[in-house]
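# Examination of the molecular architecture
Here's the letter readout for the chains.
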Amino acid sequence: MTSIFGVRTGEDAAGRDRVTVMIAAFEGWNDAGDAASDALNRLDERWAASRVAALDSDSYYDFQFTRPMVVRTGAERHIQWPTTWLSTVSVPNSNLDVVLVHGVEPSYRWRAYTADLMAHATDLGVDYLVLLGALLADVPHTRPIPVSVSTDDAALQEELNADPSTYEGPTGILGVLGGVAELAGIPTVSLWAAVPHYVAQAPSPKAQLALLNRLEELVHIPVVGDAELKEDAEAWERGVDELATEDPEIQAYVHQLEEAKDTAELPEASGESIAREFERYLKRRGKER
């Protein structure tokens, strides 16, 4: 099976050109419930990626705003500085190479910061960029976490049946990096998970799982495969259920959100959405032959 990025697996991957996908997430404004950065950390651990570079902390961070951390390893004590690091991995049994970018949103010099990241992307031969983000939204915790997908690349729009982002207003480092990547000729896809605003505190395993599931659909490579994360997501939902039952106002509010969500999704069961899903099915079958 071939993904939208041309990733192949199994015997079909043998002899194929390598495809390099950069996946980036940043702590801070773009990362409600730490869902995006936690998802990227899980990828790093699952694939045992190798760290290959880090951006200079002094150039981009205000340490009075983003404080360094004291970390102890056994009897040893050291300072962990806020930074942005890049790791690479060749995913087994596929023609996919991945560059993971995990950073803290910089305090200043965003143009230089994104130019620095693009220089690394060029050196590492990046073909595509996937941005992971999470935002607070009026969604119920009892329903699947919505993950919006957008891209300005015409070919990817057709493949994903996705639209360009129509957002206007203040943006974070994800928006800036995506714009710079597009100017550099790197097709970019943005995935944003909607975290229920009434449970905004980290961690948010259900949103994290939703992002990883959507990423898996894009690359056609198992990226979840983690029973622990699924159990954490279920435990998180049960915990929020218990908190809601203890507060009648929250319980009523969640019920209101559920009704609004279910009503909004009713039209999705017919008409244009069914046609879109059938088109996707035919495309997948055509590529598998």
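As a starting point, this report considers the structure included with it. (Residues numbered from 1 in each chain as written. Predicted model: local features only at pLDDT ≥ 70, side-chain atom pairs only at ≥ 80, totals over all residues. Heavy atoms only, no water.)

## Digging into the overall build of the chain
Counting secondary structure elements, the chain contains 9 helices and 9 strands. Relative to its full complement of 289 residues, the chain shows a buried share of 43%. Contacts spanning at least 24 positions in sequence make up 78% of the contacts within the chain whose residues lie at least 6 apart. Entry remark: accessible area of the chain is about 15,300 Å², with carbon and sulfur atoms responsible for 50%. (Helix = DSSP H or I, 4+ residues; strand = E, 2+ residues; numbered from the N terminus. Buried < 20%, exposed > 50% of the residue type's maximum accessible area, 1.4 Å probe, protein only. Contact = heavy atoms within 4.5 Å. Areas by Shrake-Rupley, 256 points an atom, 1.4 Å probe, with all protein chains shown as cover.)

## Quick word on the pattern of salt bridges
By the definition in use, this model includes 7 salt bridges. With a closest N to O distance of 2.8 Å, D262 and R143 form a salt bridge. Remark: R143 occurs in the loop between β7 (128-137) and β8 (147-151) and D262 occurs in helix α8 (residues 248-265); sequence separation between them is 119 residues. For R143, a relative accessible area of 24% corresponds to the partly exposed category. Linking E217 and R214 is a salt bridge whose minimum nitrogen-to-oxygen distance equals 2.7 Å. Pair noted here: E217 and R214 are both in helix α6 (residues 205-219), with a separation of 3 residues, about one helical turn. Among the ionic contacts, a cluster of salt bridges with common partners joins R8, D12 and R16. (Salt bridge = Lys/Arg side-chain N within 4 Å of Asp/Glu carboxyl O.)

## Here's the deal with unusual backbone geometry
Look at the link from A202 to P203: it is a cis peptide, with omega at -5°. In this structure, P203 sits in the loop between β9 (188-196) and α6. The backbone of R109 shows a phi angle near 60°, a positive value even though the residue is not glycine.

## What to know about a nonpolar patch on the surface
Together, V70, I79 and W81 make up an exposed nonpolar region whose accessible area comes to about 280 Å². We classify W81 as partly exposed; its relative accessible area is 44%. (Patch = residues over 30% accessible without salt bridge, like charges linked within 9 Å, V, L, I, M, F, W, Y side chains within 5 Å.)

## Brief notes about the pairing of strand β5 (residues 84-90)
Among the 7 residues that make up β5, 5 are buried, leaving the element largely enclosed by the rest of the structure. Across 4 bridges, the pairing between strand β2 (residues 50-54) and β5 is antiparallel. Bridging across to β5, A53 finds its partner in L86. The loop that links β5 with its antiparallel partner strand β6 (residues 96-104) comprises 5 residues; one of these, N93, has a positive phi angle of about 60°. (Pairing = 2+ DSSP bridges.)

## Concerning the environment of M69
Tracing the sequence through the fold places M69 in strand β3 (residues 69-73). A sequence separation of 10 residues divides M69 from I79, and the C-alpha atoms of the two residues are 5.7 Å apart. For M69, the contacting residues outside a window of four places in its chain are H78, I79 and Q80.

## Here we look at the nonpolar core
Core analysis: the biggest nonpolar cluster contains 48 residues, and F5, I23 and L191 have the highest contact counts within it. Take this core: its biggest share by element is 8 residues, from α6. Not counting residues within four places of it along the chain, the set of residues in contact with I23 comprises L40, L43, V98, V99, L100, V101, V130, L132 and L215. Judged by nonpolar contacts, the second largest core, of 23 residues, contains L55, Y113, L131 and L174. (Core = buried A, V, L, I, M, F, W, Y, C linked by side-chain atoms within 4.5 Å.)

## Regarding helix α3 (residues 110-123)
A rise of 1.5 Å per residue sets the reference length of α3, with its 14 residues, at 20 Å; its end C-alpha atoms lie 20 Å apart and thus fit the reference within 8%. What α3 keeps buried is the set Y113, T114, L117, M118 and A121. What you see down the axis of α3 is that its buried residues fit within an arc of 130°, all on one side. What points out from α3, more than 90 degrees from its buried face, is the exposed set R111, T122 and D123. (Expected span 1.5 Å × (residues − 1). Arc of directions from axis to C-beta.)

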